[in-house]
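The chain contents come next:
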Amino acid sequence: MLLSRLARVSQEVAAASARSRKTALLAELFRDAEADDVPIVIPYLAGRLPQGRLGIGWKVLGRPVAPAAEPSLTVRGVDARLTALGKVSGTGSQAERARLVGELMGAATEEEQRFLFGLITGEVRQGALDAVAVEGLALATGAPAAGVRRAVMLAGSLQAVAGALLADGPDALGRFRLTVGRPVQPMLARSAPSVAEAVAGLGACAVEEKLDGIRVQVHRDGGTVRIYTRTLDDITDRLPELTATARELDGERFVLDGEVLAFDEAGRPRSFQETAGRVGSRVDVGAAAREVPVSPVFFDALSVDGRDLLDLPLTRRHAELARLVPEPMRVRRTLVSGPGDVGRAEDFLAAALARGHEGVVVKALDAPYGAGRRGASWVKVKPVHTLDLVVLGAEWGHGRRTGRLSNLHLGARTAEGGFAMLGKTFKGMTDAMLAWQTERLRELAVAEKGWGVTVRPELVVEIAYDGLQRSTRYPAGVTLRFARVVRYREDKRPQDADTVETLLAAHPEVAP
DNA sequence: TTCCGACAGTGGGGTCGCAAT
DNA sequence: ATTGCGACCCCACTATCGGAA
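Per an unreviewed UniProt entry, the recorded name for chain A is Probable DNA ligase, and the organism is Streptomyces zinciresistens K42. According to the UniProt record, the Function (unreviewed entry) comment for chain A is "DNA ligase that seals nicks in double-stranded DNA during DNA replication, DNA recombination and DNA repair." Its UniProt record gives chain A a comment under Cofactor (unreviewed entry), which states: "Mg(2+)".

Below is the structure:
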């Protein structure tokens with residue numbers, strides 16, 4: 001199959017607004033793909049490369065290359081070139097990679113160039129990723145969409161399911177079940193502003209501590225242990241102490257879900273930055289593990305002794321977890337009978353925060369494990385802080401925000417009477433706010449830059465954030481974590497904005 | 001008809017590791 | 001040695017479609 005066909009369909013998918021139309025376009029293409037093209041076409045149209053990331057980004061791709069006049073690239077040919085590109089390494093490799101990229105782009109038409117660019121940077125912007133590709137695959141093969149979705153969650157991969165379906169038809173779905181050693185999409189939580197609201201929607205529930213670390217899925221099959229992240233990357237080699245722990249547990253075959261994080265001598269959690277740095281270390285893992293050892297805290301069991309527990313209620317899964325994992329390695333929790341019992345949940349949240357944790361996750365006791373779902377049965381609650389900050393500048397948006405000033409530069413007042421930038425945010429704005437701030441910030445602009453504008457510090461905006469973290473980038477030595485706009489405060493003047501001093505005083509554990 | 005669940009998009013900061021400077 | 005870049009951790013929020021109520 002020619003790449004031009006994919007590029008054309010991708011553009012049509014992007015132009016279609018109805019999801020059903022996108023699905024139909026993808027299904028038509030999947031049906032036409034030859035068997036050898038399928039393992040490439042499916043991920044491409046889901047906006048991903050079968051090779052995963054190539055180590056090539058905007059910098060190399062940004063260089064313009066004259067497009068070819070006529071399409072000639074085949075899907076398989078492109079795949080072979082990209083595989084070769086991913087394998088280039090060593091000194092001088094950047095130049096070689098740039099050369100190969102230039103060669104590929106030079107063989108592509110303008111439309112194909114746009115498609116390849118999106119594919120390689122991971123931004124296809126066609127309004128259809130995995131979920132829509134799953135629908136298209138179901139339509140193309142006559143398999144039930146829910147069955148395909150479930151198979152993909154259990155296989156942890158769209159490609160495997162696509163290959164089986166197109167080769168063997170809808171019956172192939174039955175082959176996909178939870179397998180020890182093969183990661184499944186983890187269950188996710190939605191958020192609520194208070195435990196009262198979280199409990200109100202759930203009835204009888206467990207309230208568990210929310211730990212600020214790295215999500216891990218631990219598989220053990222006899223002497224073999226594998227550890228996967230939330231995105232199903234294999235990080236076994238980086239966590240030798242967790243591998244050892246899994247081998248010591250009193251079970252031969254299991255799959256556990258949990259969080260891994262570092263604690264200090266007093267047993268309080270170390271900062272996310274410290275845990276993430278440790279887990280990210282790959283070169284001298286032994287030294288990293290000695291310096292910042294991490295501990296697992298498990299909260300779910302997906303499989304024990306060959307029994308698949310996914311469809312069992314949390315109560316049953318937790319009973320299995322408790323049989324397998326000693327109490328200190330399980331997440332701290334309390335049980336709440338329902339909305340009449342909210343006081344217990346609120347007390348538990350306060351205690352969790354006092355112990356230095358992020359918040360709580362409220363879980364319905366009767367809910368199964370919804371692999372890959374951000375279902376309503378897990379709800380996280382974290383305290384939210386707010387500040388009144390001053391807009392110092394704004395950056396031009398991309399995609400659907402093109403032509404709008406989007407990403408705000410936020411400043412707090414300093415003791416010297418100026419403003420210290422604390423970070424940026426693009427979150428929380430409605431389309432109306434984007435339009436309004438674009439106009440207002442242009443009026444306040446003192447300098448037009450390529451990336452946006454700097455403005456007179458006059459506009460006050462209320463910002464919500466989850467906490468402070470250390471920063472080497474910003475002058476106060478700290479930055480906001482997960483900053484988002486709540487509303488503009490036109491009733492406030494910049495001299496009413498919060499100061500760096502009060503911010504640091506509110507988070508003494510982070511203050512430099 | 002209205003409501004709401006699921007998705008895609010729009011990017012944030014930090015850290016690590018590699019290659020280039 | 002330092003810098004730039006990309007990958008991958010953590011993540012919030014809005015707009016939209018389409019099925020459920």
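Here the narrative resumes.
### Details of the sheet that holds strand S6 (residues 295–304)
Pairing is antiparallel across the open sheet formed by five strands, whose spatial order is S4-S3-S5-S6-S7. Looking along the sheet, the strands with just one partner apiece sit at the ends: strand S4 (224–228) and strand S7 (307–308). Here S6 runs beside S7; their pairing, made up of two bridges, is antiparallel. Considered in S7, the bridge of Val 304 is made with Arg 307. Where helix H12 (residues 240–248) meets the sheet, its contacts fall on strand S3 (214–221), S4, strand S5 (253–261) and S6, and the angle it forms with S3 comes to roughly 45°. The strands touched by helix H13 (residues 272–280) are S3 and S5; relative to S3, the strand with the most contacts, the crossing angle is about 40°.

### Here we look at the domain arrangement of chain A
For chain A, the domain assignment lists domain 1 (3–174), domain 2 (188–381) and domain 3 (385–510). A separation of 34 Å is found between the C-alpha centroids of domain 1 and domain 2. In this assembly, five residues from domain 1 lie in contact with six residues from domain 2. Its largest share of buried area at the contact with domain 2, domain 1 owes to Arg 150, Met 153 and Leu 154, together 73% of the area lost on that side. Between Arg 150 and Asp 311 there is a salt bridge, and its shortest N-O distance comes to 3.5 Å. Connecting domain 1 to domain 2 are zero residue pairs in polar contact (both at pLDDT 80 or more).

### Let's talk about the protein's contact with DNA strand C
Around DNA strand C sit 31 residues in total, of which Arg 19, Ser 20, Lys 59, Thr 231 and Arg 484 are the nearest. Backbone atoms, meaning sugar plus phosphate, form 90% of the atoms of DNA strand C positioned within 4 Å of the protein. In the model, a phosphate oxygen of DNA strand C is placed 2.9 Å from a nitrogen or oxygen of the Lys 210 side chain. Of all the secondary structure elements, the ones that give two or more residues to the surface near DNA strand C are helix H2 (19–32), helix H4 (58–61) and S3.

### Brief notes about the UniProt feature "binding site: ATP" (unreviewed entry) in chain A
In this numbering, the UniProt entry assigns the feature "binding site: ATP" (unreviewed entry) to Glu 208, Arg 215, Arg 230, Glu 259, Phe 299, Arg 374 and Lys 380. With respect to the helices and strands, Phe 299 occurs in strand S6. When near neighbours in sequence (up to four residues on either side) are disregarded, Phe 299 contacts Glu 208, Arg 215, Asp 257, Gly 258, Glu 259, Leu 321, Val 331, Lys 363 and Trp 378.

### Concerning the packing of aromatic side chains
For the structure on display, the rule yields five aromatic pairs. With centroids separated by 6.5 Å and ring planes inclined at 70°, the aromatic side chains of Tyr 44 and Phe 115 adopt a geometry described as edge-to-face. Taken together, the residues span a long stretch of sequence, with Tyr 44 in helix H3 (residues 38–45) and Phe 115 in helix H7 (residues 110–121) at a distance of 71 residues. Assigned by exposure class, Tyr 44 and Phe 115 land together as buried. Judged by centre distance (5.0 Å) and plane angle (85°), the rings of Trp 58 and Phe 117 are edge-to-face. Highlighted residues: Trp 58 in helix H4 and Phe 117 in helix H7, separated in sequence by 59 residues. Three or more aromatic residues joined by ring pairs make a cluster, and in this case those are Phe 299, Tyr 369 and Trp 378. Of note, Lys 363 hangs over the ring of Trp 378, and the distance from its end group to the ring centre comes to 3.8 Å. Between the NZ or CZ atom of Arg 481 and the centre of the ring of Phe 272, over which it lies, the distance is 4.7 Å.

### A few points about the nonpolar core
Of all hydrophobic cores here, the largest spans 60 residues; its most connected members are Leu 6, Val 41, Tyr 44, Leu 45, Leu 82, Val 148 and Val 161. With near-sequence residues (within four places) excluded, Val 148 lies in contact with Val 134, Leu 137, Ala 138, Ala 143, Val 161, Leu 165 and Leu 173. Core analysis: the next-biggest nonpolar cluster, separate from the first, contains 32 residues, Leu 387, Ile 463, Val 485 and Tyr 488 among them.

### Structural notes on the pattern of salt bridges
Considering all chains together, one arrives at 41 salt bridges under this definition. With a closest N to O distance of 3.2 Å, Glu 96 and Arg 99 form a salt bridge. In this pair, Glu 96 and Arg 99 are both assigned in helix H6 (residues 93–106), three residues apart and thus about one turn of the helix distant. Glu 96 sits in the partly exposed class, given a relative accessible area of 30%. The exposure class of Arg 99 is partly exposed, given its relative accessible area of 45%. Its salt-bridge partner being Lys 210, residue Glu 358 comes within 2.8 Å of it at the nearest N-O pair. Of this pair, Glu 358 sits in the loop between helix H16 (342–354) and strand S9 (359–364) while Lys 210 sits in strand S2 (residues 205–210), and the two are 148 residues apart along the sequence. Through salt bridges that share partners, Lys 210, Glu 358, Lys 382, Asp 466 and Arg 484 make up one connected network.

### Some remarks on the environment of Ala 200
Relative to the elements of secondary structure, Ala 200 occurs in helix H11 (residues 195–200). As a C-alpha pair, Ala 200 and Val 342 span 142 residues in sequence and 8.6 Å in three-dimensional space.

### Brief notes about the environment of Ala 367
Within the element layout of this structure, Ala 367 appears in the loop between S9 and strand S10 (378–381). Those residues within four positions of Ala 367 in sequence are excluded, and the remaining contacts are Leu 312, Pro 313, Leu 314, Arg 317 and Ser 377.

Definitions and cut-offs
Per chain, the residues get numbers from 1 upward, laid out in the order the sequence is written. Chain labels run from A onward and ligand labels from 1 onward, assigned in the order the entries are written. Per-residue local features are limited, in this predicted model, to residues with pLDDT of at least 70; the limit for side-chain atom pairs, both in listing and counting, is 80 or more; totals at the level of whole chains, interfaces and linings are taken over all residues. By convention in this description, side-chain values take in all heavy atoms of the structure and omit both hydrogens and water. UniProt positions are given in the numbering used here, feature names are shortened, and annotations may be inferred rather than shown by experiment. Pairing between two strands requires that DSSP report at least two bridges joining them. Strands are runs of DSSP state E lasting at least 2 residues, helices are runs of H or I lasting at least 4, and numbering of each runs from the N terminus. Here a residue-residue contact requires only that any non-hydrogen atoms of the pair lie within 4.5 Å. Under this scheme, a helix contributes an axis fitted over its contacting stretch, all axes are lines through C-alpha atoms, and angles between N-to-C directions fall in the 0 to 180 degree range. Segmentation of the chain into domains, including their bounds, is taken from an automatic or database domain assignment. Joining two parts hides part of their accessible area as seen by a 1.4 Å probe, and the buried area is that hidden amount summed over both. Each salt bridge in this description consists of a side-chain nitrogen of Lys or Arg and a carboxyl oxygen of Asp or Glu lying within 4 Å of one another. Polar contact criterion, stated in full: a pair of N or O atoms within 3.5 Å, where within protein one must be able to donate a hydrogen and the other to accept it, and residues adjacent in sequence count only if both atoms are side-chain atoms. A cutoff of 4 Å decides nearness: a residue is near a molecule or strand if any of its heavy atoms lies inside that distance of it. Here is the rule: rings of Phe, Tyr and Trp (six-membered ring for Trp) pair when centre to centre is within 6.5 Å. Planes less than 30 degrees apart are stacked, more than 60 are edge-to-face, and the remainder are tilted. Only protein chains enter the accessibility calculation, which uses a 1.4 Å probe. A residue is then buried if its area is under 20% of the maximum for its type, exposed if over 50%, and partly exposed in between. Two conditions define a charge located above a ring, namely a distance within 6 Å from the ring centre to NZ of Lys or CZ of Arg, and an angle within 35 degrees of the ring normal. Residues belong to a common nonpolar core when they are buried Ala, Val, Leu, Ile, Met, Phe, Trp, Tyr or Cys residues joined through side-chain atoms within 4.5 Å.

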